[in-house]
Amino acid sequence: MSTFRTLADVLRDRSDDELGELLRMRPDLAVPVPQDIGALASRAGTRASVSRAVERLDRFRLDVLGATVIVSEPVKLSQIAAVLAAPEPKVADAVDALEALALVWGPRDELRVLRAVHEVLGPEPAGLGAPAATLLRAYAAPRLNSLARTSRVAVDEDPGTTIRSILESWERPGRVDELIAECGPDSQQVLERLTWGPPRGRLPVSGDDSATSAAGSAVARLLNRGLLVSVDRHTVVLPREIGLHLRARRIVASPVHERPELDVSERDAVLVDRTAAGAAFDFVRRVELLGEAWGHAPVPVLRGGGLGVRDLRRVALLLDVDEQDAALHIEVAFEAGLIAEGGDTEVERLWLPTESFDAWSVGPVARRWLALVVGWLHMQRVVGLVGSRDERDRSLNALRTGLERTSGTDIRLVALQALADLPPGATATVESVSELVEWERPRRGALRDSMVRWTLSEAATVGLTGLGALAVHGRALLKDDRDVVALLEPLLPEQVDTVLIQADLSAIAPGPLDSAVAKEMAMVADVESRGGATVYRFTADSIRRALDFGWSATDVHTFLAARSRTPVPQPLSYLVDDMARRHGQIRVGAAGSYVRCDDEAALARVIADPGAAALRLRRIGPTVVASDAPVDVVLSTLRELGAAPVAETADGTIHISRREGRRALSRPRRPDATYDGSSLDEQHLRSAVHALRSGERASQARPDDAEPGRLPRTASIQMVARLREAAQARRSVWLGYLDQQGTASEQIVEPVSVGGGWLTAYDDRSGQVRTFAIHRISSVALLGAS
């Protein structure tokens, strides 16, 4: 008879690489790092941790795990292969994977499973009911005598003995088939409906209907023979043993050990890469446009949080996309730390670009795209839910809490990895990808298929895929290739720094404009249409806007001449000169407000204009009139009348508007690095494994006279003497310490020096030199030589 080994014993025998792999696959076990291997095993057996691990199992591994629960321990590998109708080598590979996850352990003929797995898989794993002994003991005790007579076994005073006798009678060859045959065809149909799950059924409501009466009779015959067990007045359950018998001792209807194949079609790989790169460029530019727009015209935060529906529609019009894509741009910018909630007062709550946006917007396009797409890959918020309603019938708006789904990142990566496994240029149908993801993550929620569809659509929008296939830079990103930027840069559209100015006062940018040139063009002209070639329109208002921001007519002429491939049309030059001549002719200042103009005739025309009646202008001098309206109202009204007024300061100089947007404080965000599919990096894993090994050595080195958690207290004089002795001899000590929060802990350290009321010691578990206040040390025990 083999010696039983616990999970902690098994984990202690693992190598550092195997422990690191366990922590990589189950990162929650390392946060925070357990004290020792025993604590690691204990945490690995908690229901919450097991549930996280089981959620990431594919269909076959989940069925293998279910088989270990259904088959009585200790489980043999051959038993699992038999109930799954799967090849034993395939089952062995699945068991190895489950063992690496610390969900099962032990020799192949004595496999054991964590107790928490039973709780996570539920009382009816694989659609099978609870064991008959459990059901009979809990729900059929009053009918045991009748069941015993039906099963032709003796009735014992001990109900447990009677139940065992009934179950042993079922094991006789052909006995269960005899009981089923005795019940008749109607009862057999009831069993057929419950065979492949769910194993629970509702009892027919009593009445005069003949069909209802017949169904009730069929169920009653099954209940009288123990083939069904009534758990309450309206519910019956098919016992596990009967279910397995009806399934021919198998727990799956058909083998599921083969991974589904994708429905693949081919695309030109070069065209795929260039299409994706074009989408990536557009995505970066639209996020930049969003940040600049919100910097100059912030949008309010809703009282309940999030972004209003009208504001979302305005963003969609600004970016020339639909509302769902607009929500994607907003959410990704938020995840990347480029927009956040801000405001100048405690009451004012606005959505603003962050300080990080300015640094991001001047970087290379490829690196800016990487920062955005990494945020998208990490994002747990599901953009596809924007516009739907939650369980309380509240609208789920963009940027509002409630869009988070813990499966969001996992489903996104699994769907994209399915494309990454295909050859370059190959794509797959959405339906086949959904089928594969369902096999890879069978326990994910009802949104799984929708999230796959949303993922593939969003991947095309952000520029990770083109024509449905994964681009070369997307493939590198998923494989943690550090050359993502280098792969993307040659594929991006070539930026231009010139435009073609037409005689109709329009300008065409024959390609994506350089960011700095695009900002200057937006100063002097209005964007008329976007796309591969952006069309700008020069108007009197656009020229006045540039003059308002401090440009002179000479500056405008110089800019147009430098940035136009074609000669500047004469009508545009005339428009600039005319607006410059009129600009600032009329000036507005604060009195309530006042208007002054050296040209008395021009001022008279303003006063006489019916459109200026609301300003209640009154002349206070030949060249000055006053108004009760604020300066900004007077300025906007006069501009609507065709004038080009400017504001002036108290000393009579022109007030120059500044095109500087407002900013919110930057939020902490994830680093600009590729996502490696794990929440723990290599350094963290190595440190965690080192800490576990050190903690294990510390546990084994505990003094014999010290109970766990209760080191004997040490007198102060003796304590200092022991610490100095340990420092001189380079010996480790077991230290009892009370921190500033009053938390008692025990740890092994190697003293370096003692003095001034402080102990300086090397903590092998953390790999750092630490200081301890001597008055907080409660006990010291010398250990062996280090």
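Let me sum up the structure you'll find in this document. In this text the structure is predicted, and so the values were computed from the model without any measurement.

Criteria and cut-off values
- Residues numbered from 1 in each chain as written.
- Predicted model: local features only at pLDDT ≥ 70, side-chain atom pairs only at ≥ 80, totals over all residues.
- Heavy atoms only, no water.
- Helix = DSSP H or I, 4+ residues; strand = E, 2+ residues; numbered from the N terminus.
- Buried < 20%, exposed > 50% of the residue type's maximum accessible area, 1.4 Å probe, protein only.
- Contact = heavy atoms within 4.5 Å.
- Areas by Shrake-Rupley, 256 points an atom, 1.4 Å probe, with all protein chains shown as cover.
- Pairing = 2+ DSSP bridges.
- Axes fitted to C-alpha atoms, helices over the stretch in contact; angles between N-to-C directions.
- Parallel < 35°, antiparallel > 145°, perpendicular 65-115°, else oblique.
- Nonpolar A, V, L, I, M, F, W, Y, C, P; charged D, E, K, R; others polar.
- Phe/Tyr/Trp six-rings, centres within 6.5 Å; stacked < 30°, edge-to-face > 60°.
- Patch = residues over 30% accessible without salt bridge, like charges linked within 9 Å, V, L, I, M, F, W, Y side chains within 5 Å.
- Salt bridge = Lys/Arg side-chain N within 4 Å of Asp/Glu carboxyl O.
- Core = buried A, V, L, I, M, F, W, Y, C linked by side-chain atoms within 4.5 Å.

## Focus on the overall build of the protein
Okay, so step 1: When helices and strands are counted, the protein shows 33 helices and 26 strands.
Okay, so step 2: In the protein, buried positions account for 48% of the 786 residues.
Okay, so step 3: Taking contacts inside the protein between residues at least 6 apart in sequence as the whole, the part at least 24 apart equals 65%.
Okay, so step 4: Accessible surface for the protein amounts to roughly 38200 Å². Of this, 50% is attributable to carbon and sulfur atoms.

## Let's talk about the environment of proline 239
Okay, so step 1: Counting through the fold element by element, proline 239 comes out in the loop between β5 (235–237) and α15 (240–246).
Okay, so step 2: Sequence spacing of proline 239 and glutamate 124 is 115 residues, and the spatial spacing of their C-alpha atoms is 9.9 Å.
Okay, so step 3: If sequence neighbours within four positions are ignored, proline 239 has contacts with Ala130, Ala132, Leu135, Gly226, Leu227, Leu228 and Val229.

## Some remarks on the sheet that holds strand β3 (residues 200–202)
Okay, so step 1: Read from one edge of the open sheet, three strands run β3-β5-β4, paired in antiparallel fashion. Strands with a single pairing partner mark the edges of an open sheet, and in this sheet they are β3 and β4 (229–230).
Okay, so step 2: In terms of strand pairing, β3 meets β5 through three bridges, oriented antiparallel. Pairing of arginine 202 across the sheet is with threonine 235, part of β5.

## Here we look at the packing of helix α18 (residues 323–335) against helix α23 (residues 448–462)
Okay, so step 1: Viewed as axis vectors pointing N to C, α18 and α23 meet at an angle of 70°, and their least axial separation amounts to 11 Å. The orientation of α18 relative to α23 falls into the category roughly perpendicular. Across the interface between the two elements, Asp325, Leu328 and His329 from α18 touch Glu458, Thr461 and Val462 from α23.
Okay, so step 2: Residues belonging to the contact of α18 with α23 are distributed by class as follows: two nonpolar, two polar and two charged.

## Comments concerning the packing of aromatic side chains
Okay, so step 1: The tally for this structure, following the rule as stated, stands at four aromatic pairs.
Okay, so step 2: Their ring planes at 90° and their centres at 6.2 Å tell us that phenylalanine 334 and tryptophan 351 sit as a pair that is edge-to-face. Within this pair, whereas phenylalanine 334 is found in helix α18, its partner tryptophan 351 is found in strand β9 (residues 350–353), the two being separated by 17 residues in sequence.
Okay, so step 3: With a relative accessible area of 18%, phenylalanine 334 lands in the buried category.

## Let's talk about a nonpolar patch on the surface
Okay, so step 1: A surface patch of nonpolar side chains, amounting to about 270 Å² of accessible area, comprises Val752, Tyr762 and Val769.
Okay, so step 2: One can find tyrosine 762 in strand β24 (residues 758–763).
Okay, so step 3: On the basis of relative accessibility, which here comes to 32%, the residue tyrosine 762 falls in the partly exposed class.

## Some words on the nonpolar core
Okay, so step 1: Ranked by size, the top nonpolar core spans 79 residues in total, and within it Trp294, Trp376 and Leu464 carry the most contacts.
Okay, so step 2: The element that contributes the greatest number of residues to this core is helix α20 (residues 365–378), accounting for 10 residues.
Okay, so step 3: Each residue touching tryptophan 376, except ones within four places of it in the same chain, is listed here: Leu328, Val332, Arg412, Leu416, Thr455, Glu458, Ala459, Val462 and Leu464.
Okay, so step 4: Counting residues in hydrophobic clusters, the runner-up holds 58 residues, among them Leu7, Ile70, Val120 and Leu128.

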